[in-house]
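Letter by letter, the chains look like this.
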Amino acid sequence: MSKIIQAVEDPEKAPPEKRRRIPLRQIVSLITSYASGKIGAQIKAVAFVVVYLFLAQTFVLRMPIQHALSVALGVGATVIGLAFFLEGLFLGIMPLGEQCGLRLPQKTGIWGVAVFAIVIGVTATIAEPAINFLKIQGSAVNAWDAPLLYLLLNRGANWLVYAIAAGVGLSVLLGMFRFIYGWAFKPAVYLVMPLLLLLGVFFEYSPLLRPVANLAWDTGGVTTGPVTVPLIIALGLGVSRIAGAKKVGASGLGVVTLASALPVLAVFILAFALGPKVPDVASAQEFFSAQPEIRAKAEYVAGSPQALVELAAAARQKGVISPREYNNYFPAAADTAVAPLETAPVNSRIIAALKSSLGTVLPLAVVLILTIWLVVREKIRETDITVLGIVFTITGMFLFTLGMERGISELGAQAGAALPHAYAETTQEATLVRADDSAVFTAATPRGPRQYIWIQQNKSLPQAVPFEPLNYDPRTGIYRYIPVAQAVFAEWGPTVGIIVVLIFVYILGFGATLAEPSLAALGATVEDLTTGTYKKSTLIFMVALGVGAGMSVGFARILFDLPLAWILVASYIPALLLTMISAEDFAAIAWDSAGVTTGPVTVPLVIAAGLSIGRESGITGGAFGIVAAASVFPILAVLISGILNQNNARKSITSEVVL
Amino acid sequence: MQRQDDLAKITCVVDDHVLAALNAALQTLEIPEVYLQRAKQVMLVDHARFLGLHTYTTPEENRAALCRFYVPRQFQTGVMRQITEALDLYLPGRGSIYAKEVTLLRRTPLEFNTKLLTELCGEAKPEPTNYDVLACIVQRGAAAAIAAAILEMGLSVPLISFAAGMGGRDRMGLLRITVPVDKEIMYFLAPRHDAELLKGIIERKARLDLPGHGFLYQYHVNALAVNLRVRRGNRTSAATMEQIITALDQLRGSSEWRRLGVTPVKKEIKEIKEYGKEAFSNFSLIIDEGLLTPYVQTALRSGAGGATRMPLIFQSYAKKKDENALASGSKEVCDLVVPQMVSEMLAQNIKDTDFFTRPEAGMIEITSVHGTITYTGKDRVRGQFGGRNLFALLRKTKN
């Protein structure tokens, strides 16, 4: 017995705890059950949107799925990538953020926190891959239609990123100060949002600034991406816990809201600063005209005289300006060739995805690790698991990026391209057929007499198609036949088609949100903070309902060319009113959910569908505004659900008597 | 290190809506250290639809807080009474309050404004224990079913808190990520005569006879106000169901009459080893969040078999702040139940570390535990209380 007591009496002398030897079979069983649980959860998250896109495209829009094998592999990679990514966040990035948040204020005081907050905010934004999606949207912008927007998305893309980074940095800083000094969350919203709405309305009435306002509102949703959001949440949780129980704003949430709002303000300010330097919105002819003042401003937009020439050459190729106009405007310029767009080979896509994943995760992880080592001067808790978490995050992001591109985004792009089919006639590739005058005949139709022409394509039977005199050349006897596909819902009229599109995007938004990784991270945090009284599944469901509604409104804006600013005013005012009657913590959850909704699953789908419809409707300035609309409706949904939850909870301490 | 044996730990479980009133009451009493644990209270809600033709019952979870603080033992009853009145805890659904004797090991002793406490609460001899608290640790997600069963029987209002497990998992290397760390800890406050029945139900519902399914321990407390609101819904009577139950309990002298069709659970499960007759102690190590792990590992090496950690929010209401009081509002508590015979040794081993000397000094709270239940199969290498060697030790001591 004495031996036993000695063995346990002196823990220092006792042998270090031996690692438990686990048989190989048990190891395999442990890993299998762990991996199947994580992957199963992601299959559930992704299944809805994949099945929906497949069914909608095949049965409603009646278009076959192209590259089915590649899409299936892509979806598989997305599922595995999401599982790795989320697990990596929970094991590596979030604990690192929380450790910094917990220990930094005690070690360095308020100024240390301030510097760290700015550094982490700026690093997170610069590393954020979702910003690239804004640039992709910029490819649809014409320099003469929206010169300021063109400038910001092309030559000034870096200025845009720096402005957004400054906004996010300031948001994280203010967020941390809010926790330390116990500032309430609601006043911040009352202060910032009305200011943004006012600026938005002001921008709406300036043709030059209007497209930038749409971009600015979208940056709010896009900047807070899958790595930034969980990190900011973890950091906020850490700092808020230091503040203790009595502080009002100590729930740990609310920073994402600021990180979504202040970048919008930063872009507004940048637009104000650059506005005078760019020409007004004008026709392409005016934009490229040789007038010295306009030419100087146009060159500023393009970046250099040579870049302006290239821009003009591209416009000439599109047919926006004629070759004669081109030669008039740029007499000295040679016939500049426009480089065709090339599809990147698979290898380079893999390398790009790997680079993007490393570039997104590593800078943030390095900043956090260095802060803990050099500033806090502590060991990283559970170093082995943290490192594994970072590796998981990078692997997950790599697989997820690659998989999204080949899988869900591809499905979304196919469905998006097919969307205008629902409500509009779509023209297809023209074919030249030989015909003569005798083939033209007039037939009675319900809309009066119409001319038709008999044509025969290849070896198929002759068919009568509507005759367009302009497409017929009597000298050569060649008729240029442009097949027109009827709208899928043509029988019910265009309104039904548009309603179908809006319902389609509603369900698309709903389904894509279920798979959003940063929303899953926020949901887990909220469930933890509320000890499970507000479930992760409830939050995700409410947010998904909101995103669906927001996306429908966003698409309706494009289809009917409605002003974004007024749509936002009409939706943010009820949100502000509901915030007043909502509890502080639910308000923070609701406003934060706005920032996390639009992540790497939703944004590519929105852009694919939005660009297609925008192109069809002839809207200038791309598909901006959908993300902004999709960000505001979840606030309303979560606020309403929070208020109902609050009212229910209040009943638990009151008596209900019905006599 | 200072040892304080003359303290009582008061635990106040309140609905979140009552928390502001509790803060105000604690401020009035200038309580030097308060530790708040986030939790939820579960109750059943009766719904009636279609003019009462369709009725159904659902469980409802409401946010609550488990607030623990220490007072000198002579003020225990007075402080509890003061808080009960300030918070109207006699009303159903608002919360419960109970006290237990405690020993604190700290770097500096806790100081109280005894003059104020005497003035506001008055000194009194502590009341004897009348209730039992059953604390049951289960896997995350398993608590809801157990809570529903207890609520259906109307025995107690369960309080559930999130926790994380420590112990065997930490010796698995990187493979430990495959073992879920998330736990739920349930607290049931029940009259002493109901505790055995309650224990039996929890044992069966939680399947504590199977390995890795959980752990239960029990301790005696003196309760002043107990939340009896197990269900709510529209009522048509002048008295609440809780009032009727309380009146009948008092008339019958026990709650035996409530157990329609329920017979006490017989101890037939062989695998369960209950060391109810042994004396156990609950060691609660409290320190700044993030600093706990090495000390828990020391405790585990010293004989504890498993540990449960929970985040706490710290608040001080003392006017004169203790210089040694920690700046951080974020703490962590780790509960370890160990046989009393090794508790001194465990305390000594932790004292030998820098637990009490580091700038963010920690605190140990020791309370007595009167019964524990868990699976301790023969093939298990390390038992809940320190492995084979400690069981051998216990058996020898018994003989």
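Not measured: the values here are computed from a predicted model.

Cut-offs and rules
- Residues numbered from 1 in each chain as written.
- Chains lettered and ligands numbered in written order.
- Predicted model: local features only at pLDDT ≥ 70, side-chain atom pairs only at ≥ 80, totals over all residues.
- Heavy atoms only, no water.
- Helix = DSSP H or I, 4+ residues; strand = E, 2+ residues; numbered from the N terminus.
- Buried < 20%, exposed > 50% of the residue type's maximum accessible area, 1.4 Å probe, protein only.
- Contact = heavy atoms within 4.5 Å.
- Areas by Shrake-Rupley, 256 points an atom, 1.4 Å probe, with all protein chains shown as cover.
- Core = buried A, V, L, I, M, F, W, Y, C linked by side-chain atoms within 4.5 Å.
- Domains from an automatic or database assignment.
- Salt bridge = Lys/Arg side-chain N within 4 Å of Asp/Glu carboxyl O.
- Polar contact = N/O pair within 3.5 Å; in protein donor to acceptor, adjacent residues only side chain to side chain.
- pLDDT = per-residue confidence, 0-100.
- Phe/Tyr/Trp six-rings, centres within 6.5 Å; stacked < 30°, edge-to-face > 60°.
- Lys NZ or Arg CZ within 6 Å of the ring centre and 35° of its normal.
- Pairing = 2+ DSSP bridges.
- Axes fitted to C-alpha atoms, helices over the stretch in contact; angles between N-to-C directions.
- Left-handed = near helix turned anticlockwise from the far one by under 90°.
- Nonpolar A, V, L, I, M, F, W, Y, C, P; charged D, E, K, R; others polar.
- Parallel < 35°, antiparallel > 145°, perpendicular 65-115°, else oblique.
- Patch = residues over 30% accessible without salt bridge, like charges linked within 9 Å, V, L, I, M, F, W, Y side chains within 5 Å.
- Expected span 1.5 Å × (residues − 1).
- Disulfide = S-S within 2.5 Å.

A. Quick look at the overall build of chain A. Along chain A, the regular secondary structure elements total 24 helices and eight strands. Out of the 659 residues belonging to chain A, those deemed buried represent 56%. Within chain A, counting contacts between residues at least 6 apart in sequence, those at least 24 apart form 80% of the total. Accessible surface computed for chain A: about 28600 Å², of which carbon and sulfur atoms make up 64%.

B. Here's a closer look at the overall build of chain B. Helix and strand counts for chain B stand at nine helices and 15 strands. Counting only residues that meet the buried cut, chain B has 60% of its 399 residues in that class. When contacts within chain B are restricted to residue pairs at least 6 apart in sequence, those whose partners lie at least 24 apart make up 82%. Counting every atom, chain B has about 16400 Å² of accessible surface; 52% of that belongs to carbon and sulfur.

C. Structural context of the nonpolar core. Formed by 177 residues in total, the largest nonpolar core has its most connected members in W217(A), F288(A) and W591(A). Of all the elements, helix α3 (residues 68-127) of chain A adds the most residues to this core, at 18 residues. Two domains each donate at least three residues to this core, and these are domain 1 (35-56 + 66-279 + 350-422 + 493-646) and domain 2 (289-324) of chain A. Those residues in contact with F288(A), other than ones at most four positions away along the chain, are W144(A), R295(A), L308(A), L311(A), A312(A), A315(A), I321(A), Y329(A) and F330(A). If you look at the next biggest cluster of nonpolar residues, it comprises 65 residues, including I10(B), L36(B), M80(B) and Y219(B).

D. Focus on the pattern of salt bridges. Throughout the structure, instances matching the rule amount to 24 salt bridges over all chains. Here E204(A) and R210(A) are joined by a salt bridge, their closest N and O atoms 2.8 Å apart. Since its relative accessible area comes to 8%, E204(A) is described here as buried. Put simply, R103(A), E378(A), R358(B) and E360(B) are held in one network by salt bridges that share partners.

E. Broad picture of the side chain of H220(B). All names here are of chain B. Looking at where H220 falls in the secondary structure, it is placed in strand β8 (residues 215-225). A polar contact of 2.6 Å, which involves the side chain of H220, links it to the side chain of D132. Discounting residues that sit within four places of it in the chain, H220 has contacts with K100, T129, Y131, D132, R192 and H370.

F. Summary view of the confidence of the model for chain A. All names here are of chain A. Considering every residue of chain A, the mean pLDDT works out to 81; 86% of them sit at 70 or more. Of all secondary-structure elements in chain A, the lowest mean pLDDT belongs to helix α1 (residues 2-9), at 39, while helix α21 (residues 564-581) reaches the highest, 91. Residue range residues 1-15 is modelled with pLDDT below 50. Its contacts to residues more than four positions away, or to other chains, number 18 contacts.

G. Expanded view of the packing of aromatic side chains. Inspection of the entire model under this criterion finds 29 aromatic pairs over all chains. Aromatic side chains F48(A) and Y52(A) sit 6.4 Å apart centroid to centroid with 20 degrees between the ring planes, which places their arrangement in the stacked category. Of this pair, F48(A) and Y52(A) both sit in helix α2 (residues 24-60), separated by four residues, roughly a single helical turn. Exposure remark for Y52(A): the relative accessible area of 14% places this residue in the buried category. Site record: aromatic cluster; members linked through ring pairs are F202(A), F203(A), W217(A), F268(A), F272(A), Y572(A) and W591(A). Sitting over the ring of F162(B), R140(B) keeps its end group 3.7 Å from the ring centre.

H. Region of the structure containing the domain arrangement of chain A. The assigned domain composition of chain A is domain 1 (35-56 + 66-279 + 350-422 + 493-646), domain 2 (289-324) and domain 3 (429-482). The C-alpha centroid of domain 3 of chain A is placed 52 Å from the C-alpha centroid of domain 1 of chain A.

I. Examining helix α7 (residues 293-301) of chain B more closely. For α7(B), the set of buried residues is Y295(B), V296(B), T298(B), A299(B) and L300(B). Buried residues belonging to α7(B) abut β6 (159-166), β11 (280-288), β12 (307-315), β13 (330-339) and α8 (340-351) of chain B.

J. Fine view of the sheet that holds strand β3 (residues 440-445) of chain A. Residues and elements named next belong to chain A. The strand order across the open sheet formed by three strands is β3-β4-β5, and the pairing between neighbours is antiparallel. Each of the sheet's edge strands pairs with one partner strand only, and the pair in question is β3 and β5 (463-466). Strand after strand, the sheet turns through a mean of 45 degrees between neighbouring axes, direction not considered.

K. Summary view of the packing of helix α20 (residues 536-560) of chain A against helix α24 (residues 626-651) of chain A. All names here are of chain A. Where α20 contacts α24, the two axes come as close as 6 Å, and the packing angle between them is 140 degrees. α20 and α24 meet at a crossing whose hand is right-handed. Counting all contacts with α20, which are made through L539, M542, V543, G546, V547, A549, G550, M551, V553, G554, F555 and I558, the residues of α24 involved are I626, A629, A630, F633, P634, A637, V638 and S641. The class makeup of the residues in the contact of α20 with α24 is 16 nonpolar, four polar and no charged.

L. Looking closely at the environment of A142(B). All names here are of chain B. With respect to the element layout, A142 can be found in the loop between β5 (131-139) and α4 (143-153). A142 gets classed as partly exposed once you look at its relative accessible area, which sits at 32%. It is 21 Å that separates the C-alpha atoms of A142 and A195, two residues lying 53 residues apart in sequence.

M. Quick look at the packing of α2(A) against helix α17 (residues 408-418) of chain A. Residues and elements named next belong to chain A. In contact at an axis separation of 10 Å, α2 and α17 are set at 30 degrees when each is read in the N-to-C sense. In this view, α2 runs roughly parallel relative to α17, as classed from their interaxial angle. Handedness of the α2/α17 crossing: left-handed. Where α2 abuts α17, its residues V46, V49, V50, L53 and Q57 lie against I408, L411, G412, Q414 and A415. Here the residues of the contact of α2 with α17 sort into seven nonpolar, three polar and no charged.

N. Fine view of a nonpolar patch on the surface. Residues L354(A), L358(A), L362(A), V366(A), L370(A), W373(A), L374(A) and V375(A) make up a contiguous nonpolar surface patch of roughly 680 Å² in combined accessible area. On the basis of relative accessibility, which here comes to 39%, the residue L354(A) falls in the partly exposed class.

O. Quick look at the sheet that holds strand β7 (residues 478-481) of chain A. Residue and element names in this part refer to chain A. Spatial strand order, β2-β7-β6: three strands in an open sheet with antiparallel pairing. Where the open sheet ends on each side, the last strands, each with one partner, are β2 (431-434) and β6 (472-473). Relative to β7, β6 runs antiparallel, the two being bridged by two bridges. Residue pairing in the sheet places D473 in a bridge with I478 of β7.

P. Region of interest: unusual backbone geometry. The backbone of T531(A) shows a phi angle near 50 degrees, a positive value even though the residue is not glycine. Classification of T531(A) by relative accessible area gives buried; the value is 2%. Although it is not a glycine, E30(B) adopts a positive phi angle of roughly 50 degrees. Looking at the secondary structure, you find E30(B) in the loop between α1 (19-28) and β2 (34-49).

Q. Up close: the confidence of the model for chain B. Residues and elements named next belong to chain B. When the pLDDT values of chain B are averaged, the result is 81; 84% of them are 70 or greater. In this model, residues 262-277 is a region of pLDDT below 50 whose contacts with residues beyond four sequence positions or in other chains number 32 contacts. A low-confidence stretch, residues 378-389 (pLDDT under 50), is modelled with 34 contacts involving residues beyond four sequence positions or located in other chains. Reported for the predicted complex are a pTM of 0.81 and an ipTM of 0.80.

R. Representation of helix α6 (residues 157-181) of chain A. With 25 residues, α6(A) should cover 36 Å at 1.5 Å per step; its first-to-last C-alpha distance of 36 Å lies within 8% of that length. Directly after α6(A), the chain includes G182(A), whose backbone phi takes a positive value near 70 degrees.

S. Local environment of the state of the cysteines. Under the counting rule described, the total for this entry stands at zero disulfides over all chains. Of all cysteine sulfurs in the structure, the one in C136(B) sits closest to C334(B), which takes part in no disulfide; the separation is 17 Å.

T. Geometry of the pairing of strand β14 (residues 363-369) of chain B. Residue and element names in this part refer to chain B. For β14, the tally of buried residues reaches six of seven residues, placing the bulk of the element in the interior. With three bridges joining them, strand β4 (residues 95-106) and β14 adopt antiparallel strand pairing. Looking at β14, one finds that L105 is bridged to I364.

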